[in-house]
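# Structural characterization, general
One letter stands for each residue in the lines below.
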Amino acid sequence: MGVEALSAYRAVLRAIRKSFRGDDLMLRESAKEVRKKFEESRFVNSPPEIQRLLDEAREAADFIANMIVQAKPNDRGTYEVKPSTEHAGATLEVVSEELLNKSV
């Protein structure tokens with residue numbers, strides 16, 4: 001794996017660890033999926049294709065780190081979403097129970 005590919009791989013794994021901290025299943029399964037995707041691309045030789053894959057990996061790392069907010073259970077028996085400063089500017093929409101009932 002080239003230096004750029006290794007850097008992109010590590011960036012995606014760091015983003016996963018940050019976004020899914022405390023959720024062992026998501027950590028394990030998402031890391032397994034990332035490794036699989038990188039392994040599938042191991043023998044790509046075309047410079048434009050390599051660049052495209054590296055760009056996709058960097059975009060994925062950015063998306064995971066900045067757009068995914070994991071809901072956590074609270075003591076009221078519901079879930080809370082607490083976006084951090086990285087998520088500033090992101091639009092979060094929480095569907096109310098009333099809207100859910102209307103759609104059924």
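As annotated in an unreviewed UniProt entry, the protein carries the name Complex 1 LYR protein domain-containing protein and is attributed to Daucus carota subsp. sativus. As stated in UniProt under Subcellular location (unreviewed entry), the record for the protein gives "Mitochondrion matrix".

## Looking at the overall build of the protein
Broken down by element type, the protein carries four helices and two strands. Along the protein, helices (α) and strands (β) appear in the sequence α-α-α-β-β-α when read from the amino end. Looking at the protein as a whole, 19% of its 104 residues qualify as buried. Partitioning the intrachain contacts of the protein with sequence separation of at least 6 by distance along the chain shows that 44% fall at a separation of at least 24.

## A few points about the confidence of the model for the protein
Scored by pLDDT, the protein comes out at a mean of 84, with 78% of its residues at no less than 70. Ranking the elements of the protein by mean pLDDT puts helix α4 (residues 97-103) last, at 65, and helix α2 (residues 24-40) first, at 95.

## A few points about the environment of S7
Tracing the chain through its elements places S7 in helix α1 (residues 3-19). Taking C-alpha positions, S7 is 9.3 Å from L54, a pair spaced 47 residues apart along the chain.

## Description of helix α3 (residues 47-67)
Given a rise of 1.5 Å per residue, 21 residues ought to cover 30 Å, and the 29 Å separating the end C-alpha atoms of α3 matches this to within 8%. Within the sequence span of α3, burial applies to L54, A57, A61, I64 and A65. Down the axis of α3, the buried side of the element spans an arc of 95°, and every buried residue falls inside it. More than 90 degrees from the buried face of α3, the exposed residues found are P48 and E59.

## A few points about the packing of α1 against α2
In the contact formed by α1 and α2, the axes pass within 10 Å of each other and the chain directions differ by 165°. Considering the angle they form, α1 stands roughly antiparallel to α2. Here α1 and α2 pass one another in a crossing that is right-handed. Taken together, the residues of α2 that come into contact with α1 (itself represented by A5, A8, Y9, V12, L13, I16 and R17) are L27, S30, A31, V34, R35 and F38. Residue composition of the contact of α1 with α2, grouped by class: ten nonpolar, one polar and two charged.

## Structural notes on the environment of I68
Here I68 lies in the loop between α3 and β1 (72-73). What makes I68 partly exposed here is its relative accessible area of 24%. Along the chain, I68 and I16 lie 52 residues apart, while their C-alpha atoms are 9.6 Å from each other.

Rules used in this analysis
- Residues numbered from 1 in each chain as written.
- Predicted model: local features only at pLDDT ≥ 70, side-chain atom pairs only at ≥ 80, totals over all residues.
- Heavy atoms only, no water.
- UniProt positions renumbered as here; feature names shortened; annotations may be inferred.
- Helix = DSSP H or I, 4+ residues; strand = E, 2+ residues; numbered from the N terminus.
- Buried < 20%, exposed > 50% of the residue type's maximum accessible area, 1.4 Å probe, protein only.
- Contact = heavy atoms within 4.5 Å.
- pLDDT = per-residue confidence, 0-100.
- Expected span 1.5 Å × (residues − 1).
- Arc of directions from axis to C-beta.
- Axes fitted to C-alpha atoms, helices over the stretch in contact; angles between N-to-C directions.
- Parallel < 35°, antiparallel > 145°, perpendicular 65-115°, else oblique.
- Left-handed = near helix turned anticlockwise from the far one by under 90°.
- Nonpolar A, V, L, I, M, F, W, Y, C, P; charged D, E, K, R; others polar.

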